[in-house]
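# A look at the structure
Take a look at the letters that make up each chain.
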Amino acid sequence: MNYLKTFAAAGVVAATLGLTGCGYNDMATGDQAVKAAWSEVVNQYQRRADLVPNLVNTVKGYAAQEKEVLEAVTNARASATAIKATPELVNDPVAFKKFLDAQGQLQGALARLLAVAENYPQLKSDGLFRDLVGQLEGTENRIAVARKRYIEAIRTYNNTVVSFPTNLTAMLFGFKEKPQFTVENEAAISTAPKVDFTKPAPAK
Amino acid sequence: MGVWVDTGQCIARVCAVGTFGGTHAAARRRAPSWWLAFLAWLGVWVASNLAWAQAAKQEEGFAPIPPLVTRVTDTAATLNMAEIAALDQKIRAFEQSTGGQLAVLIVPTAQPETIEQYTIRVAEAWKIGKKGKDNGALIVLAMREKKVRIEVGYGWEGALTDQESKRIIREVMGPYFGKGQFAAGIAAGIDKIALALTKETAGASADNAQWRTPHQTDAMERLGDWLFRIGQVLLGLLVLVAILFMMAMLALLKLPTLLVGGLGGVGGYLFTRSLLVALSLGVAGLVVAALVRRMLRSARGNGWVSRGRHHVYQSGDSGAGAWSVASGVGSSVFSASTSVGSSGWSDSFSGGGGEFGGGGASGSWGDGA
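Attention in this report is confined to the structure presented alongside it. (Residues numbered from 1 in each chain as written. Chains lettered and ligands numbered in written order. Predicted model: local features only at pLDDT ≥ 70, side-chain atom pairs only at ≥ 80, totals over all residues. Heavy atoms only, no water.)

## Some thoughts on the overall build of chain B
Heads up, the rule is: Helix and strand assignments follow DSSP, with helices taken as H or I runs no shorter than four residues and strands as E runs no shorter than two, numbered in order from the N terminus. Two residues qualify as a contact provided that any one of their heavy atoms is within 4.5 Å of a heavy atom in the partner residue. Note on areas: these come from Shrake-Rupley sampling with a 1.4 Å probe, and a residue is covered only by the protein chains present in the view.
Helix and strand counts for chain B come out as eleven helices and five strands. Sequence separation of at least 24 residues holds for 73% of the intrachain contacts in chain B that already meet a minimum separation of 6. Carbon and sulfur atoms make up 63% of the accessible area of chain B, which totals about 18,500 Å².

## Here's the deal with the overall build of chain A
How we decide: Using a 1.4 Å probe on the protein chains alone, a residue whose accessible area is under 20% of its type maximum counts as buried, one over 50% counts as exposed, and one in between counts as partly exposed.
In terms of helices and strands, chain A carries eight helices and zero strands. Secondary structure elements of chain A, listed N to C terminal, follow the sequence α-α-α-α-α-α-α-α. Looking at chain A residue by residue over its 204 residues, the buried ones come to 50%. Looking at chain A alone, contacts between residues at least 24 apart form 77% of all its contacts between residues at least 6 apart. For chain A, the exposed surface amounts to about 9,900 Å²; the carbon and sulfur share of it is 56%.

## Looking at the environment of alanine 251 of chain B
Residue and element names in this part refer to chain B. Counting through the fold element by element, alanine 251 comes out in helix 8 (residues 218-252). We classify alanine 251 as buried; its relative accessible area is 1%. Considering only alpha carbons, one finds alanine 251 and valine 288, 37 residues apart in sequence, at a separation of 7.7 Å. Here alanine 251 is in contact with Val260, Ala289, Val292 and Leu296, once residues within four sequence places are set aside.

## A word on the packing of helix 2 (residues 24-63) of chain A against helix 3 (residues 67-82) of chain A
Residues and elements named next belong to chain A. This is how it is decided: To get an axis, a line is fitted to the C-alpha atoms, and for a helix only the part in contact is used. The angle between two axes follows their N-to-C directions and goes from 0 to 180 degrees. Any angle that falls under 35 degrees is termed roughly parallel, while one over 145 is termed roughly antiparallel, one within 65 to 115 roughly perpendicular, and all others oblique. Should the near helix be turned anticlockwise from the far one by less than a right angle, the crossing is left-handed, and should it be turned clockwise, the crossing is right-handed. Residues are sorted three ways: Asp, Glu, Lys and Arg are charged, Ala, Val, Leu, Ile, Met, Phe, Trp, Tyr, Cys and Pro are nonpolar, and all the rest, Gly among them, are polar.
The contact between helix 2 and helix 3 brings their axes to 10 Å, and the two run at 165°. As summarised for this structure, helix 2 and helix 3 are arranged roughly antiparallel, according to the angle between their axes. The crossing of helix 2 and helix 3 is left-handed. Taken together, the residues of helix 3 that come into contact with helix 2 (itself represented by Gln46, Ala49, Asp50, Val52, Pro53, Val56, Val59, Lys60 and Ala63) are Leu70, Val73, Thr74, Arg77 and Thr81. Per-class residue counts for the contact of helix 2 with helix 3 are eight nonpolar, three polar and three charged.

## A few points about the packing of helix 3 (residues 81-98) of chain B against helix 6 (residues 182-198) of chain B
All names here are of chain B. Between helix 3 and helix 6, the least distance of the axes is 11 Å, while the angle of their chain directions is 0°. Classified by the angle between their axes, helix 3 and helix 6 sit roughly parallel to one another. Contact residues: helix 3 offers Glu83, Leu87, Lys90, Ile91, Phe94, Ser97 and Thr98, while helix 6 offers Ala183, Ile186, Ala187, Ile190, Asp191, Ile193, Ala194, Leu197 and Thr198. For the contact of helix 3 with helix 6, the class distribution of residues is ten nonpolar, three polar and three charged.

## A few points about the pattern of salt bridges
The cut-off we apply is this: We define a salt bridge as a side-chain nitrogen of Lys or Arg found within 4 Å of a carboxyl oxygen belonging to Asp or Glu.
Summed over all chains, the structure comprises 20 salt bridges over all chains. A salt bridge links arginine 77 of chain A to aspartate 50 of chain A, with the shortest nitrogen-to-oxygen separation between them at 3.4 Å. You can see arginine 77 of chain A sitting in helix 3 and its partner aspartate 50 of chain A sitting in helix 2, a full 27 residues away along the chain. A relative accessible area of 23% means that arginine 77 of chain A is categorised as partly exposed. One continuous salt-bridge network, built from bridges that share partners, spans Lys148, Arg149 and Glu152 of chain A together with Glu124 of chain B.

## Observations concerning the packing of aromatic side chains
Using the following cut-off: A pair of aromatic rings is counted whenever rings of Phe, Tyr or Trp (Trp by its six-membered ring) have centres within 6.5 Å, and the orientation is called stacked for planes under 30 degrees apart, edge-to-face for over 60 and tilted otherwise. Look at NZ for Lys and CZ for Arg. If either is within 6 Å of the ring centre and within 35 degrees of the ring normal, a charge sits over the ring.
Using the criterion set out here, one finds eleven aromatic pairs over all chains in the structure. Ring geometry for tryptophan 38 of chain A and phenylalanine 96 of chain A: centres 5.2 Å apart, planes at 65°, overall edge-to-face. In this pair, tryptophan 38 of chain A is assigned in helix 2 and phenylalanine 96 of chain A in helix 4 (residues 93-117), connecting sequence segments 58 residues apart. Side by side, tryptophan 38 of chain A and phenylalanine 96 of chain A carry an identical accessibility label, which is buried. Residue placement shows lysine 179 of chain B over the ring face of tyrosine 176 of chain B; its charged tip is 5.9 Å from the ring centre.

## A few points about the pairing of strand 4 (residues 147-153) of chain B
All names here are of chain B. Applicable threshold: Two strands make a pair as long as DSSP finds a minimum of two bridges between them.
With six of seven residues buried, strand 4 is to be regarded as a mostly interior element. In this sheet, strand 4 lies alongside strand 3 (residues 136-142) in antiparallel orientation, the contact comprising six bridges. Paired with alanine 137 across the bridge in strand 4 is valine 152. What sits between the antiparallel neighbours strand 3 and strand 4 is a turn of four residues, in which lysine 146 has the positive phi angle 55°. The sheet contact formed by strand 4 and strand 5 (residues 356-364) spans seven bridges and is antiparallel. Residue pairing in the sheet places glycine 153 in a bridge with phenylalanine 356 of strand 5.

## Structural notes on the pairing of strand 2 (residues 101-107) of chain B
A regular strand places its side chains on the two faces of the sheet in alternate fashion. Residues and elements named next belong to chain B. For the record, the criterion: For crossovers, right-handed means that the path from the first strand over the helix to the second runs clockwise, given strands pointing away from the viewer.
In terms of burial, strand 2 is a largely internal element, seven of the seven residues being buried. Residues of strand 2 alternate between two faces, with Gln101, Ala103, Leu105 and Val107 on one and Leu102, Val104 and Ile106 on the opposite face, all of them buried. Alignment of strand 1 (residues 72-74) against strand 2, held across three bridges, turns out to be parallel. From the neighbouring strand, valine 72 faces strand 2, where its bridge partner is valine 104. The β-α-β motif built from strand 2, the intervening helix 4 (residues 115-126) and the parallel element strand 3 has right-handed crossover chirality.

## Brief notes about the sheet that holds strand 5 of chain B
Spatial strand order, 1-2-3-4-5 (chain B): five strands in an open sheet with mixed pairing. With one partner strand each, in any of the chains shown, strand 1 and strand 5 of chain B form the two edges of the open sheet. Averaged over neighbouring strand pairs, the angle between their axes works out to 15° when direction is ignored. Against the sheet, helix 6 (residues 127-162) of chain A touches strand 4 and strand 5 of chain B, its axis set at about 135° to strand 5 of chain B. In the packing of helix 6 of chain B onto the sheet, the strands contacted are strand 2, strand 3 and strand 4 of chain B, and the crossing angle to strand 2 of chain B comes to about 155°.

## A word on helix 5 (residues 162-178) of chain B
Here is the rule we go by: In this scheme, the bend at a residue equals the angle between the axes fitted to the seven residues that finish there and the seven that begin there.
By the largest-angle criterion, valine 172 of chain B marks the main kink of helix 5 of chain B, which is about 35°, and a proline, proline 175 of chain B, follows within four residues. Those residues of helix 5 of chain B lying buried are Asp162, Gln163, Glu164, Ser165, Lys166, Ile168, Ile169, Val172, Met173, Gly174 and Phe177 of chain B.

Okay, here's the thing in structure tokens:
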């Protein structure tokens, strides 16, 4: 009966190496985690965009003469919300870059609006304006946290796809490495103090 | 580090399977060796996950996150013992009235990170608030930067809004801190937070709730996840067993060994477009065909052959089936142990698994809020 059990062993080895072991489940759940993390990022971007109309109206009440800044914010919001952020957006590099650029423009326009508002002490002490600024800061932080978690989700997924021996399973099932999330030119576009999650040089 | 962990796990699994296969010579000892292999696998799996979790905690060059032991953690020697004790009492009362958790952390500095970056890391590590409910709040003071942050868990974002946190920092805590009265400032802040939370109406929380990606159904998600994974594994196994079975059939039809191996390889390539799969299925086909031929040569009639095949199907299936069960058991054991955390056998304070999304507000004192 030797070879029967050897056959059984061979079957189990093949099954284990092929599917139950070596990363398939990790990759599948990692893929879902990346999608969920991206949805959260989009969610928070949308939240910021929805704060804009109230903010613009409040500022108009005190500083209606600052037309260009107000228009810039309104237009930036329009272009940011015009792009439909579906889960497939991350797979299309051109559209993805446009989306991120639009969000960056909105961030910059908001920063300029808040800088201008500094010149109007009555506006600064207005309760509603303060509340909106508080909400805006909270939302910017939420965006930063959502992006950080998205980057981590991608990193975890990529680790599984790229490292041996799980990359064999990845080839088997067509799991590809995902591009890591970067926002270029963010410093150029925005002047607001931003939360930066790239690793800084070690402190001296 | 995760790479080596995964490799180690795979090697452990292969070794365990080899052990199982290798006991075919000693049928009587088969059962104990099988359990030994499973235990070895489980041990490697748990150990590797624990090691990886530990390594992930401390990153190079960043401000350290103190362990969560008490409600008030002061590594900057800002408060004296009496003040810490008083704040501890206040927080206990807070927990009674709001049903959630709150912790205070005072550090010398959060640099090189901003206080927001540092606080979210602390919140993710400490997990204040109950799992699923996420009803936790964290107050962090960074003394050198003169910055304070209130970090609010998902569950409380509706009641303790960002603007409310900002107001508490600016109007209540800031003035106290500017005068150097840190204990009083924190106490007043906690009072205001409790006020905001106990004033919570359904409307207020619904307002913020629309912005949260659905998060709550944790238990259901886990169950769904589990079933999905089991389904995936079983489907894959079914496919593999079917392919091997077909190759055995072809071999039984007295096809030449090489042809069976070749067919297995071609089939594998067509199925997955991967040369590696084609090669391994080809090899498996050769092995299967060779074994079947040896079987046929020593077979004493059809009855034996069909019995043998039935037996083979059973042991292969049960081996692999046991594997998915083992991994399921292992993962649920591990996640259960991590979610329990260090729930005290003394009076130590520990997080309940609450999660944070970056809500809250920051402010500074002294040189202007």
